[in-house]
Amino acid sequence: MGNVDYVYPSSNDNQGGHAHQHRVAIPPPQPFIKSFKNSLKETFFPDDPLRQFKNQSPCRKLVLGLQYFLPILEWAPRYTLQFFKADLISGITIASLAIPQGISYAKLANLPPILGLYSSFIPPLVYAMMGSSRDLAVGTVAVASLLTASMLGQEVSATENPTLYLHLAFTATLFAGLLQASLGLLRLGFIVDFLSHATIVGFMAGAATVVILQQLKGVLGLEHFTHSTDIISVLRSVFSQTHEWRWESGVLGVGFLFFLLITRYFSKRRPKFFWISAMAPLTSVILGSVLVYLTHAEKHGVQVIGNLKKGLNPPSFGDLVFTSPYMITAVKTGMITGIIALAEGIAVGRSFAMFKHYHIDGNKEMVAIGTMNIVGSCFSCYLTTGPFSRSAVNFNAGCKTAMSNVVMAIAVMLTLLFLTPLFHYTPLVVLSAIIIAAMLGLIDYEAAIHLWQVDKFDFVVCMGAYVGVVFGSVEVGLVLAVAISVLRLLLFVARPKTVVLGNLPNSTHYRNVEQYQNTSNVPGVLILEIDAPIYFANSSYLRERISRWIDEEEDKLKSSGETSLQYVILDMSAVGNIDTSGITMFEEVLKTTDRRGLKLVLANPGAEVMKKLNKAKFLEKIGQEWIYLTVGEAVEACNCKLHTCKPDSTKEESQPWNNV
């Protein structure tokens, strides 16, 4: 890269010099109310949900409004028998997965197993009416169950005070639902975006590891087990009780886990046989129950579920706890589990919507998920969302609409009414095997490898979440991951890129000299590009960085004996906005360049920037003639001035910056 034989390219060769050069316009002033309204709209309504209501009759507006909040009114009139056949098959398939998973996850949350079935009955019916995803299969999830157990367990023991613990779980679900629905109604969906993809990969893998370790209690048939979730406490608890390990439980657990993993592997290799892995958990429950019943294994240390209450969900309005100090625990648990459940539900919904080329509204999903949890908390349900494993089975089974959730709910209802006594002999070790098999699918090591290859910082975020969850607790992992993500965001804002631009051969294009090795320097001109909006957080850094670029350029020119620096051009194309600190920074840079005998030139400032620079009277200070539409025009103007008014020959002797 050099500037030997540099030819100044002209963008106005055919236009007769500068006669037709365009000026950078200052946008016309806008009333404050109008600009404030536009900002609000961009923040909270980027998808413009009210567009469909324009130019419609009042009656049509009412129908569209109802369809917006209850999407079932939109797809139900178009529903066909073909759709129902597909939804019936997928509904029955996910029910066969939901029943054993529901019981397992309720045990994981230290709640009565029947709650897992209650939570797979009412919430799916609510979601079918209000949800916009066709593929989301609603139910309880392992991570939220684990969070519920660890956070509520810190305040109330599930074994010593089971009734209060149960009531707190309902109250936490109510607050989770209220938070979720409020975020959706207030259009605050972007808050969930702070849980980046890397955070979710690490967090889910960490939570899955913790859940698997917790299942060692069931697999080894241990009676007493630690309430902590970190790996060290769990392993200490397992290996300090080697004399209490039950080989019968261990053999059964490993056998069923092997069966579940083999069926999943087979279904992955042959997607047509997806139903084999979907039916495997229920098959395991049936086989395990028959085995225990025939061998009376419950008398030989194999723990069983025992009696499950027959009948539908009892109402739980009166069980909600609104008294101190327990309410604070319920609110805290509800908020953390609610955000996690929401992030998972929306991420799952969006990924399947992408496969089928349709769009889901994140804010509408939040309202649907929130409402189903609010309603669920009043009918003996605990936190539900759209788990990935169940939704993947629903998708592979060929579901067409949310009706598959209704079919699943009906199947669960029939189970509650007639089939619960059949689960009496189900061994807990089978439930542990089902959970371990489901959790192994959540440890996405391929995604972590991909993060490492593409973006090392994202990998650090991912591992931060994983290590935090596994060695600390679920809350520690979550806080750590969000903190690292926000730190990265702040670094992007506080330390924006500034690069030197050079001229591409035989063109008027100016590009980053590090990216394009064949660019040429423009003699006497330093061109810098600022790559971010200029705010209070980065204005000091940018001021110092620009000064450093000028120092480095002058040192380089001195040592090579080339033309001294005369002009500093700032390319403002990427500067979308500026605040008062940014304007002050420009005033200081202008003073510094003037003191050094240099001229500051701006290229392509945007509308918002021009408006504020004009109001701050900065344009008068710099002079409108030093603001250009493109870098090419700015370079040409500098070149023209360099060659018509030669720099003062005494400048070399009396450089003002030598005296500073």
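An unreviewed UniProt entry lists the protein chain under the name Sulfate anion transporter, with Corchorus olitorius given as the organism. Per UniProt, the protein chain carries the Subcellular location (unreviewed entry) text "Membrane".

Attention shifts here to the pairing of strand S4 (residues 567-571). Of all five residues in S4, five are buried, a share of seventy percent or more. Of the two faces of S4, the one lined by Tyr567, Ile569 and Asp571 and the one lined by Val568 and Leu570 are each fully buried. Note: strand S3 (residues 525-530) against S4, five bridges, orientation parallel. Within S4, the position partnered with Ile527 by the bridge is Ile569. One crossover worth recording links S3 to the parallel S4 by way of helix H22 (residues 539-560), and it is right-handed. Pairing of S4 with strand S5 (residues 599-603), which is carried by five bridges, proceeds in the parallel orientation. Following the sheet pairing, Tyr567 is matched in S5 by Lys599. In this fold, the crossover linking S4 to S5 by way of helix H23 (residues 580-595) has right-handed handedness.

A few words now on the pattern of salt bridges. Opposite charge on two side chains permits them to pair, given that their charged atoms come into close proximity. According to the stated counting rule, one finds ten salt bridges in the structure shown. Ionic pairing is found between Arg596 and Glu554, a salt bridge with its closest N-O pair at 3.7 Å. Separated by 42 residues along the polypeptide, Arg596 in the loop between H23 and S5 and Glu554 in helix H22 bring together distant segments of the chain. Comparing Arg596 with Glu554 shows no difference in burial state: the two are buried. Here the salt bridges share partners, and the residues they tie into one network are Asp455, Asp458 and Arg488.

All right, on to the domain arrangement of the protein chain then. Its domain assignment divides the protein chain into domain 1 (81-450) and domain 2 (496-654). One C-alpha centre belongs to domain 1, the other to domain 2; they are set 58 Å apart.

Once that is clear, we can look at the packing of helix H8 (residues 162-185) against helix H14 (residues 326-355). Contact geometry of H8 with H14 gives a least axis separation of 7 Å together with a crossing angle of 50 degrees. Relative to H14, the element H8 lies oblique. In the crossing of H8 with H14, the sense of the turn from one axis to the other is right-handed. Of H14, the residues touching H8 (which contributes Leu164, Leu168, Thr171, Ala172, Phe175, Ala176, Leu179, Gln180 and Leu183) are Tyr326, Met327, Ala330, Val331, Thr333, Gly334, Met335, Thr337, Gly338, Ile339, Ala341 and Leu342.

Turning our eyes to something else, we now look at helix H6 (residues 122-130). Most of H6 sits inside the fold, with seven of its nine residues counted as buried. All of the buried residues along H6 are Ile122, Pro123, Pro124, Val126, Tyr127, Ala128 and Met130. Tucked inside the fold, the buried residues of H6 contact helix H2 (58-69), helix H3 (72-75), helix H5 (114-118), helix H15 (362-377) and helix H17 (403-419).

A separate point is the nonpolar core. The biggest cluster of nonpolar side chains holds 102 residues, and the ones touching the most others in it are Ile103, Leu111, Leu115, Phe203 and Met439. A per-element tally of this core places helix H18 (residues 428-440) first, with eleven residues. Setting aside residues up to four positions removed in sequence, Ile103 forms contacts with Pro113, Gly116, Leu117, Ile305, Leu308, Phe423 and Leu431. In terms of nonpolar packing, the next biggest core, distinct from the first, is built from 51 residues, Leu526, Leu557, Trp626 and Val631 among them.

What counts and how
- Residues numbered from 1 in each chain as written.
- Predicted model: local features only at pLDDT ≥ 70, side-chain atom pairs only at ≥ 80, totals over all residues.
- Heavy atoms only, no water.
- UniProt positions renumbered as here; feature names shortened; annotations may be inferred.
- Buried < 20%, exposed > 50% of the residue type's maximum accessible area, 1.4 Å probe, protein only.
- Helix = DSSP H or I, 4+ residues; strand = E, 2+ residues; numbered from the N terminus.
- Pairing = 2+ DSSP bridges.
- Right-handed = clockwise from strand over helix to strand, strands pointing away.
- Salt bridge = Lys/Arg side-chain N within 4 Å of Asp/Glu carboxyl O.
- Domains from an automatic or database assignment.
- Axes fitted to C-alpha atoms, helices over the stretch in contact; angles between N-to-C directions.
- Parallel < 35°, antiparallel > 145°, perpendicular 65-115°, else oblique.
- Left-handed = near helix turned anticlockwise from the far one by under 90°.
- Contact = heavy atoms within 4.5 Å.
- Core = buried A, V, L, I, M, F, W, Y, C linked by side-chain atoms within 4.5 Å.

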